[in-house]
Amino acid sequence: MKYMMLVCTDLEPDTDKENEPDIDVWVAENDAAGRRVFGNQLAPVSAATTVRVRNGRLLVTDGPFAETREVIVGFDLLECADLDEAIEVARAHPMARGGRLELRPLADFEQ
Amino acid sequence: MTTAHPAVAEAALDAYPRIVAALIRVTGDWTLAEDCAQDALAAAVERWPVDGVPGNPGGWLMTTARNRAVDVLRRATVEQRKLRELAMLTDFTPPAAVQEDVVDDRLRLVFTCCHPALAPEAQVALTLRTICGVPTADVARLFRVSEATMTRRLTRAKTKIAQARIPYRVPRGAALAERLPGVLAVLYLLFTRGYDPGGEPAFADEAVRLARLVHELMPAEPEPAALLALFLLHHSRRAARRDADGRLLSLDRQDRGRWDSAAIAEAVAILDRIRADGPYALQARIAACHATAASVESTDWARIAACYDALAQDEPDPVIELNRAVAHGYAYGPAAGLDLLARARADGALDGDPYAVATEADLTARGGDPARAAALFRAAAALANSEPERLALLERAAELS
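Source: prediction; values computed, not measured.

How should I be thinking about the overall build of chain B in this particular structure?
Tallying secondary structure elements over chain B gives 19 helices and zero strands in all. Structurally, chain B occupies a C-alpha span of about 80 × 45 × 40 Å along its principal axes. Counting over 401 residues, chain B shows a buried share of 40%. For chain B, long-range pairs separated by at least 24 residues make up 58% of all intrachain contacts whose partners lie at least 6 apart in sequence.

Structure below.
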């Protein structure tokens, strides 16, 4: 089961700085276990470009698709047995404390 | 449950959640499981008055529901594996000694319905619908929404379980300790929904039944046992809580002879076996002090105060602080209560809370200032959340004037 994990900032990060996980350790562990298919940090929102087509016309605008103070800063594609395993992988990511993680299963057209 | 026949209703109480839980495990299809369990009950209502009640009513219901599921799935040309597993679901009479590593399907169902990835209200609704078999229309009434809205919410929850692949499993070890409070919170929410003024007692009954089920399925866990005890103790007062006009009566005005002594005895026996007190055990011990006292005066208020001290230390909460002030007021005098009340209100969390004002009024009355106490009771009445509460508070004011 594949889950896209969207890594977002949060206006209220955890203030507890004890035992903060290391992102390199997280990546190495989950890559080795085959739970992380692929992932990357994203360049800042200032580099974002939004593309739309309306009535056949191309509209290209500067910035992300939604102007919010919380932004997606990275993503990881996970391969997990079920949601509980994905939650365990997400909780160990440093941004579970510094921001928030959204787990979205990939659409399954077999179901 | 939709059963007119008493023997069917009795068998269904135990059999319904077992059937739904087993069919979900094998088929993974929640709606199919519910439909087949309901069909089996309908068949029983039709057949049992004619053929007589079968020797093993639960087994009869399970077999009927299973056969129905096989029929439906055959037509849907489902994988052979599921059909083979279904064929193995026969008599589900549990072995006398339940093996530790064999997880009861009903417990899987409880943990899945109460999964934190579902919205809190959806957890309660799904639990009622799937485990208790409460009709969707009745679940809708509990949440004061239309049946169509509740149907959509239940469908959305079931879709999320399938799409996000929420596992049908009881968590183990550290994960169990993390998840169990969430399960108990769902039962607690259900109980208070049924028990609150204006609530429906039938839902409190369902909560008691569910707590008993979870306790039976996890006998070694102290908090489900404590929650069952807590429910039983609150529920023991259901016949004495209101006067003839339906107004809520405070503990000191209730006829203690009308409290359910069997329920109280069961709860006390459960609490006697608990060694490590969590939040529900502390609350249950407080309720037990009330339930076993002959009067308000002879209540063990020092014990209650100590339990509130422990609760307050566990989790700072304005309502606990308020009740702690009440307990200290009885145990160590009105001045002690007023002192704690002032501290509980210092951060403004209890501003506009009718119980906080009523507590100050009561402590003030007992401290010997009836005029000020009456004014405070009237102020509390103005803040009251319901008509019966308002009337009860005004009555207290009138008695003091």
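From this point, things continue past the structure.
How should I be thinking about the overall build of chain A in this particular structure?
When helices and strands are tallied, chain A shows three helices and six strands. Secondary structure elements in chain A, listed N-terminal to C-terminal, are β-α-β-β-β-β-α-α-β. Reported as C-alpha extents along the three principal axes, the dimensions of chain A are approximately 50 × 40 × 20 Å. Taking all 111 residues of chain A together, the buried fraction comes to 15%. Summarising the internal contacts of chain A: among those between residues at least 6 apart in sequence, 78% fall at separations of at least 24.

Can you walk me through the domain arrangement of chain B in this structure?
Much of the literature gives interface size as the accessible area that the parts lose upon coming together. Its domain assignment divides chain B into domain 1 (6-93), domain 2 (105-218) and domain 3 (354-401). Taking only C-alpha atoms, the centre of domain 2 of chain B and the centre of domain 3 of chain B are 37 Å apart.

Mind showing me how you'd approach the interface of chain A and chain B here?
Taken together, the six residues of chain A in the interface contact seven residues of chain B. Looking at the side of chain A that touches chain B residue by residue, the class counts come to three nonpolar, one polar and two charged.

Help me out: how do you make sense of unusual backbone geometry in this one?
Among all residues save glycine, negative phi is the norm, and among peptide bonds the norm is trans. Phi angles above zero are rare outside glycine, and Asn55(A) is one such case at about 50°. For Asn55(A), the location among the structural elements is in the loop between strand E3 (49-54) and strand E4 (57-62). Note on Asn55(A): 5 C-beta atoms within 10 Å, which makes it exposed. Phi at Arg165(B) is positive, roughly 50°, even though this residue is not glycine. Looking at the element boundaries, Arg165(B) is found in the loop between helix H8 (147-163) and helix H9 (174-195). We classify Arg165(B) as partly exposed; it has 19 C-beta atoms within 10 Å.

Help me out: how do you make sense of the packing of helix H10 (residues 201-217) of chain B against helix H11 (residues 222-235) of chain B in this one?
Residue and element names in this part refer to chain B. Between H10 and H11, whose axes approach to 8 Å, the crossing angle comes to 150°. The pairing of H10 with H11 is recorded here as roughly antiparallel in orientation. The two elements H10 and H11 cross, and the hand of that crossing is left-handed. The segment H10 lies against H11, with Ala204, Ala207, Val208, Ala211, Arg212, Val214 and His215 engaging Pro224, Ala225, Leu227, Leu228, Phe231, Leu232 and His235.

How do you make sense of the sheet that holds strand E6 (residues 99-105) of chain A when you look at a structure like this?
Paired through their backbone hydrogen bonds, the strands of a sheet run either parallel or antiparallel. Residue and element names in this part refer to chain A. As summarised here, the arrangement of the four strands in space is E2-E5-E1-E6, forming an open sheet in which the pairing is antiparallel. Here the strands that pair on one side only, and so sit at the sheet edges, are strand E2 (36-41) and E6. Going from strand to strand, the sheet's axes swing by 15° on average, the running direction of each strand aside. Looking at chain direction, strand E1 (residues 2-9) and strand E5 (residues 72-79) are connected through seven bridges and run antiparallel. Counterpart to methionine 5 in the pairing with E5 is aspartate 76.

Sorry if this is basic, but what is going on with the environment of Trp259(B) here?
Residues and elements named next belong to chain B. Within the element layout of this structure, tryptophan 259 appears in the loop between H11 and helix H12 (261-272). The class of tryptophan 259 is buried, set by 20 C-beta atoms lying within 10 Å. C-alpha separation for the pair tryptophan 259 and proline 120, spaced 139 residues apart in sequence, amounts to 32 Å. Setting aside its immediate chain neighbours within four residues, tryptophan 259 contacts Ser236, Arg237, Ala240, Ile264 and Ala291.

Is there a simple way to think about the UniProt feature "domain: RNA polymerase sigma-70 region" (unreviewed entry) in chain B in this case?
Look at the UniProt record and you will see "domain: RNA polymerase sigma-70 region" (unreviewed entry) annotated at residues 16-76 of chain B. Helix makes up 87% of residues 16-76 of chain B and strand 0%, and the two end C-alpha atoms of the span are 24 Å apart.

Even after reading the chapter, I still don't get the pairing of E4(A), so can you show me in this structure?
Regular strands have side chains that alternate between both faces of the sheet. Residues and elements named next belong to chain A. Buried residues are scarce in E4, accounting for zero of its six residues. Alignment of E3 against E4, held across six bridges, turns out to be antiparallel. Across the sheet, residue valine 53 finds its bridge partner in E4, namely leucine 58. From the end of E3 to the start of E4, which pair antiparallel, there are two residues, and asparagine 55 there has a positive phi angle of about 50°.

Sorry if this is basic, but what is going on with the environment of Trp30(B) here?
All names here are of chain B. Locating tryptophan 30 in the fold gives a position in helix H2 (residues 30-51). Among the residues examined, tryptophan 30 registers 25 C-beta atoms within 10 Å and is labelled buried. Between the C-alpha atoms of tryptophan 30 and phenylalanine 203, which are 173 residues apart in sequence, the distance is 22 Å. With near-sequence residues (within four places) excluded, tryptophan 30 lies in contact with Ile24, Thr130 and Lys158.

Is there a simple way to explain helix H14 (residues 301-314) of chain B in this structure?
All names here are of chain B. For H14, which comprises 14 residues, the first-to-last C-alpha distance of 20 Å matches the rise-based estimate of 20 Å (1.5 Å per residue) to within 8%. By the burial criterion, the buried members of H14 are Trp301, Ile304, Ala305, Cys307, Tyr308 and Leu311. Viewed along the axis of H14, the buried residues span an arc of 160°, placing them on a single side of the element.

Sorry, what's going on with the environment of Thr9(A) here?
Residue and element names in this part refer to chain A. Mapped onto the secondary structure, threonine 9 falls in strand E1. Distance from threonine 9 to glutamate 70, taken between C-alpha atoms, is 5.2 Å for residues 61 residues apart in sequence. Sequence-distant contacts of threonine 9, defined by excluding residues within four places in its chain, comprise Glu70, Val71, Val73 and Gly99.

It is not clear to me how the nonpolar core should be interpreted in this structure. Could you clarify?
Across soluble globular proteins, nonpolar side chains have a tendency to be buried as a group. All names here are of chain B. Counting 129 residues, the largest nonpolar core has Ile19, Leu23, Ala229 and Ala284 as the members making the most contacts within it. If one sorts the elements of this core by residue count, helix H1 (residues 6-27) sits on top with 12 residues. Not counting residues within four places of it along the chain, the set of residues in contact with alanine 229 comprises Ala267, Ile270, Leu271 and Ala284.

Rules of the game
- Residues numbered from 1 in each chain as written.
- Chains lettered and ligands numbered in written order.
- Predicted model: local features only at pLDDT ≥ 70, side-chain atom pairs only at ≥ 80, totals over all residues.
- Helix = DSSP H or I, 4+ residues; strand = E, 2+ residues; numbered from the N terminus.
- Buried ≥ 20, exposed ≤ 12 C-beta atoms within 10 Å, placed from the backbone.
- Contact = placed C-beta atoms within 7 Å.
- Domains from an automatic or database assignment.
- Nonpolar A, V, L, I, M, F, W, Y, C, P; charged D, E, K, R; others polar.
- Axes fitted to C-alpha atoms, helices over the stretch in contact; angles between N-to-C directions.
- Parallel < 35°, antiparallel > 145°, perpendicular 65-115°, else oblique.
- Left-handed = near helix turned anticlockwise from the far one by under 90°.
- Pairing = 2+ DSSP bridges.
- UniProt positions renumbered as here; feature names shortened; annotations may be inferred.
- Expected span 1.5 Å × (residues − 1).
- Arc of directions from axis to C-beta.
- Core = buried A, V, L, I, M, F, W, Y, C linked by C-beta atoms within 7 Å.

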